[in-house]
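Residues per chain, in single letters:
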Amino acid sequence: MAKRYSPAMQILALAGAVLLVDAGSRTAQAETIEVLIELARNDASQDVVALSGSDLVAILEAATEAERAELLALLPSGDLDALVAALVGGGAAPSLIASVVVASIPLDDAGGERFCRVVEQNAPPVALPAISAALVEELGRVVSVSGDVNPALIEEITNCAIALDPRPGTIDAIIAVANAATATNGPEAIGRALALIAETAAPELASAIETAVAISGNDRLATAFSAAAGVPPVADVPVQPPVPPAPPVPVIPAAAIGGGGATGGGDDASRTGEDFIPFAGGSGGDGLSGTGGGVTRSTDSGSGPVVSPQ
């Protein structure tokens with residue numbers, strides 16, 4: 001025999017069913033990006049980050065890039081960190097994680113370094129290379145514009161990509177992005193970012209970056225890298241000209257015996273039969289004396305030349 005409930009009990013049961021249906025509707029409704037945006041606008045961002053990681057992943061994957069950007073711009077810094085951590089812990093695709101990180105960087109002064117640290121702390125090590133590669137793809141998207149790009153944003157993305165996977169493949173991928181960049185200052189921004197990273201990197205990583213830039217074939221990238229690093233480009237280093245060899249020392253032949261006026265047979269060129277040696281000293285032999293306006297021989301055996309005044 002079926003039990004019969006009073007009208008009051010029936011009304012209560014119906015009300016409970018309505019409440020359950022309404023609660024289910026609110027839960028389903030909450031799993032849309034529009035509701036998350038509305039919660040953030042009403043200063044209820046804690047309700048957004050309180051969702052499970054899998055729920056957030058599903059909502060943000062279904063949202064457009066503009067919708068995600070609108071939600072992120074409404075969240076405080078701490079909630080941005082929590083959102084990134086929830087996505088990483090919820091198994092979000094590397095592309096979604098990279099997109100959220102890049103969109104969050106301009107919203108916080110120290111966002112790039114902090115968001116990168118959040119990823120490192122919440123992702124398994126095996127997932128880091130894939131997230132790094134996704135960040136490099138985001139870097140390529142950022143510099144694939146016709147105008148200027150924000151150098152600070154380029155530096156943050158480049159730094160995070162290398163921090164998550166500091167291997168030569170990551171550096172080569174970043175160089176490839178610089179070579180394909182269409183932004184007005186794309187290669188220059190990437191070159192400066194690489195130089196700033198190399199300044200504080202371990203010697204092995206710094207050497208790998210310098211080598212990759214040197215062989216990139218991109219003059220704009222290399223020039224910006226050298227300028228930021230404080231060293232002149234290789235092409236601008238002045239080359240010292242080679243020092244010419246010293247000219248050979250001329251060989252001077254020895255003078256002939258008898259002086260420059262000697263002739264064959266020992267004859268003097270001006271006087272015959274004797275050498276003309278004026279004022280020759282000695283204790284013996286012929287001396288010279290001056291008489292009149294000429295020079296005459298003297299047989300006086302004095303100790304030196306005697307000049308007789310007239």
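Quick caveat: nothing in here was measured; it's all calculated off a predicted structure.

Conventions adopted
Residues numbered from 1 in each chain as written. Predicted model: local features only at pLDDT ≥ 70, side-chain atom pairs only at ≥ 80, totals over all residues. Heavy atoms only, no water. Helix = DSSP H or I, 4+ residues; strand = E, 2+ residues; numbered from the N terminus. Expected span 1.5 Å × (residues − 1). Buried < 20%, exposed > 50% of the residue type's maximum accessible area, 1.4 Å probe, protein only. Contact = heavy atoms within 4.5 Å. Arc of directions from axis to C-beta. Core = buried A, V, L, I, M, F, W, Y, C linked by side-chain atoms within 4.5 Å. pLDDT = per-residue confidence, 0-100.

A. Summary view of helix H6 (residues 77–89). An ideal rise of 1.5 Å per residue puts 18 Å on 13 residues; H6 measures up with 18 Å between its terminal C-alpha atoms. Along H6, the residues that are buried comprise Asp79, Leu80, Asp81, Leu83, Val84, Ala86, Leu87 and Val88. Contacts made by the buried residues of H6 are with helix H3 (45–49), helix H4 (53–62), helix H5 (65–74), helix H7 (94–104) and helix H8 (111–122).

B. Seen up close, unusual backbone geometry. One non-glycine residue with positive phi stands out, namely aspartate 43, at about 60°. With respect to the element layout, aspartate 43 can be found in the loop between helix H2 (33–41) and H3. A relative accessible area of 67% places aspartate 43 in the exposed class.

C. Examining helix H11 (residues 168–180) more closely. The first and last C-alpha atoms of H11 sit 19 Å apart over 13 residues, in line with the 18 Å expected at 1.5 Å per residue. Looking only at H11, the buried set comprises Thr170, Ile171, Ile174, Ile175, Val177 and Ala178. Seen from one end, H11 has its buried residues packed into an arc of 155°, which puts them on one side. The exposed set on the far side of H11, more than 90 degrees from its buried face, consists of Pro168 and Ala180.

D. Molecular detail of the environment of alanine 229. Note on placement: alanine 229 falls in helix H14 (residues 219–229). The exposure class assigned to alanine 229 is partly exposed, which follows from its relative accessible area of 35%. Expressed as a C-alpha distance, the spacing of alanine 229 and glycine 191, which sit 38 residues apart in the sequence, is 9.7 Å. Among all residues touching alanine 229, those that are not within four sequence positions of it are Ala195 and Glu199.

E. Examining the nonpolar core more closely. Within the largest apolar cluster, 71 residues are counted, with the highest numbers of intra-cluster contacts made by Val119, Ile190, Leu194 and Ile209. With residues up to four places along the chain from it excluded, the contact list for isoleucine 190 reads Leu139, Val143, Ile154, Ile174, Val177, Ala178 and Leu221.

F. Examining the confidence of the model for the chain more closely. Confidence in the prediction of the chain, expressed as mean pLDDT, is 78, and 65% of residues score 70 or more. Below a pLDDT of 50 lies the segment residues 7–30, which in the model reaches five contacts outside its immediate sequence neighbourhood of four places, other chains included. Confidence drops under pLDDT 50 across residues 279–310; counting only partners more than four residues distant or on other chains, this segment forms 30 contacts.

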